[in-house]
Number of protein chains: 2
Amino acid sequence: MRETTGEQVGTNVSDTALRGFVGYNMKRAFNAVQADLTRTLAPHGLRMITYSVLALVVENPRLRPSALAKALTVERANLVVYVDQLEQAGWVTRTPSSTDRRAYALQATLEGQQVYARAMAAVRDHDQRMLGALDPSDVAVVNKALATIEAQGRSL
Amino acid sequence: MRETTGEQVGTNVSDTALRGFVGYNMKRAFNAVQADLTRTLAPHGLRMITYSVLALVVENPRLRPSALAKALTVERANLVVYVDQLEQAGWVTRTPSSTDRRAYALQATLEGQQVYARAMAAVRDHDQRMLGALDPSDVAVVNKALATIEAQGRSL
DNA sequence: TATTGTTATACTCTATAACTATA
DNA sequence: TATAGTTATAGAGTATAACAATA
């Protein structure tokens, strides 16, 4: 028998008022993904954001910080710190631009490329873990929908 | 003509190395959603997390903090601060449990219920804005997939 | 011994203002 | 005037350790 005057103590807490909203579902899912991804990257000396920065520097040689910040939708001011960390680790270099003395060209060192390659393999495994229970067709729908939602949000 | 020695400066920065991963797409989409939701809730004196706490307290009368923390997957230590804020605003009360002298029962005040009702309407509009460009069938797939991904992540 | 609520603390991400040196 | 990189700072979310009171 349940006491009618007792407190809600068990696992029967209802969150149906929130489950209807994408924002709530996205936050919950993203938190779970982020926790596993953080654990995945830590042994490689990277976090989500520094992994992303390193990936784009590897993929886009001689990338400028301002272009990188725009691509990742990160404030330039914050990007500086992430590049500092990658530079101090010896994985990314800043070389002065030949045409614009305000600007720099970012490049991954050989070690940076190797670290990235190893981390990417781990991230790929992580991704498989997270998506293992889903149909590939659903994954495609989700990725496309996320891009659409992002574009919608940015336009407001 | 493009200089072969120049830096990548334009909008042609490739992030295909990251686009293949759900985590990256989720982070981008969630950031955009969160920015609009933050703007949506600010006039009501709420943030995402305090809105969620208030919602569950309204929906689950006499809820215990520990059960609430578990339902929202939030640390108890952090929940204390959110409840403090809602209590100071006069929207939630802590009353001692009649059966367990360590515990409290959370309840929404009348004003808390009214604030929640108004905020919920705004959140509903926000949700419509974010999903406006998607098929309802895709929304269903996304919500279900997000729940599956979350469950997968939590189990690791 | 375990649980409830709590305090304190540290780390990370995000956002803004303001500065310098160049363009 | 505007832009590139930078510094400083504040707000917010997340995570852990440790404690008193109670179960």
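For the structure itself, look to the data block above.
These figures come from a predicted structure and were not determined experimentally. (Residues numbered from 1 in each chain as written. Chains lettered and ligands numbered in written order. Predicted model: local features only at pLDDT ≥ 70, side-chain atom pairs only at ≥ 80, totals over all residues. Heavy atoms only, no water.)

Draft legend 1. Local environment of the protein's contact with DNA strand D. If you check the shell around DNA strand D, you find 20 residues, and the closest are Pro65(A), Ser66(A), Arg94(A), Arg102(A) and Asn78(B). Atoms of DNA strand D within 4 Å of the protein: sugar and phosphate make up 56%, bases the balance. In this structure, Ser66(A) approaches DNA strand D through a main-chain N or O atom, which is 2.7 Å from a phosphate oxygen. A distance of 2.4 Å separates a base oxygen of DNA strand D from a polar atom in the side chain of Arg102(A). (Near = heavy atom within 4 Å. Polar contact = N/O pair within 3.5 Å; in protein donor to acceptor, adjacent residues only side chain to side chain.)

Draft legend 2. Structural context of the interface of chain B and chain A. Between chain B and chain A, the residue contacts involve 75 residues of the former and 75 residues of the latter. Together chain B and chain A conceal approximately 6,900 Å² of surface at their shared face, both sides included; 64% is due to carbon and sulfur atoms. Looking at the side of chain B facing chain A, the largest losses of area belong to Glu7(B), Gln8(B) and Phe21(B), adding up to 10% of the total buried there. One can count four salt bridges joining chain B with chain A. The partner of Arg19(A) in a salt bridge is Glu150(B), and the shortest N-O contact between them spans 3.8 Å. Taken together, the links from chain B to chain A amount to 22 residue pairs in polar contact (both at pLDDT 80 or more). Those elements that place two or more of their residues in the side of chain B that touches chain A are α1 (16-19), α2 (22-41), α3 (48-59), α4 (65-72), β2 (104-108), α6 (110-131) and α7 (136-154) of chain B. (Contact = heavy atoms within 4.5 Å. Buried area = accessible area lost by both parts, 1.4 Å probe. Salt bridge = Lys/Arg side-chain N within 4 Å of Asp/Glu carboxyl O. Helix = DSSP H or I, 4+ residues; strand = E, 2+ residues; numbered from the N terminus.)

Draft legend 3. Focus on the pattern of salt bridges. This model, assessed by the stated rule, comprises 20 salt bridges over all chains. Linking Glu150(A) and Arg28(B) is a salt bridge whose minimum nitrogen-to-oxygen distance equals 3.0 Å. Taken as a pair, Glu150(A) in helix α7 (residues 136-154) and Arg28(B) in helix α2 lie in two separate chains rather than in one. Residue classification places Glu150(A) among the buried residues on the basis of a relative accessible area of 7%. One salt bridge connects Glu87(B) with Arg94(B), and the closest N-O pair in it is separated by 3.3 Å. (Buried < 20%, exposed > 50% of the residue type's maximum accessible area, 1.4 Å probe, protein only.)

Draft legend 4. Here's a closer look at the side chain of Asn25(A). In this fold, Asn25(A) is placed in helix α2 (residues 22-41). Taking the relative accessible area as the measure of exposure, Asn25(A) reaches 4% and is therefore buried. Looking at Asn25(A), its side chain comes within polar contact range of the main-chain oxygen of Arg19(A), at 2.9 Å. In this structure Asn25(A) touches Arg19(A), Asn143(B) and Leu146(B), once residues within four positions along its chain are discounted.

Draft legend 5. Molecular detail of the protein's contact with DNA strand C. Lining the immediate environment of DNA strand C, one finds 20 residues, of which Arg47(A), Asn78(A), Ser66(B), Arg94(B) and Arg102(B) sit closest. The sugar-phosphate share of atoms of DNA strand C within 4 Å of the protein amounts to 54%. A distance of 2.8 Å is found between a phosphate oxygen of DNA strand C and a backbone nitrogen or oxygen belonging to Ser66(B). One of the side-chain nitrogen or oxygen atoms of Arg76(B) is found 3.0 Å away from a base nitrogen of DNA strand C. Every element with two or more residues in the surface near DNA strand C is listed here: α5 (76-88) of chain A together with α2, α4 and α5 (76-88) of chain B. Looking at the surface near DNA strand C residue by residue, the class counts come to eight nonpolar, three polar and nine charged. (Nonpolar A, V, L, I, M, F, W, Y, C, P; charged D, E, K, R; others polar.)

Functional significance is not addressed by these values, which are geometric in nature.
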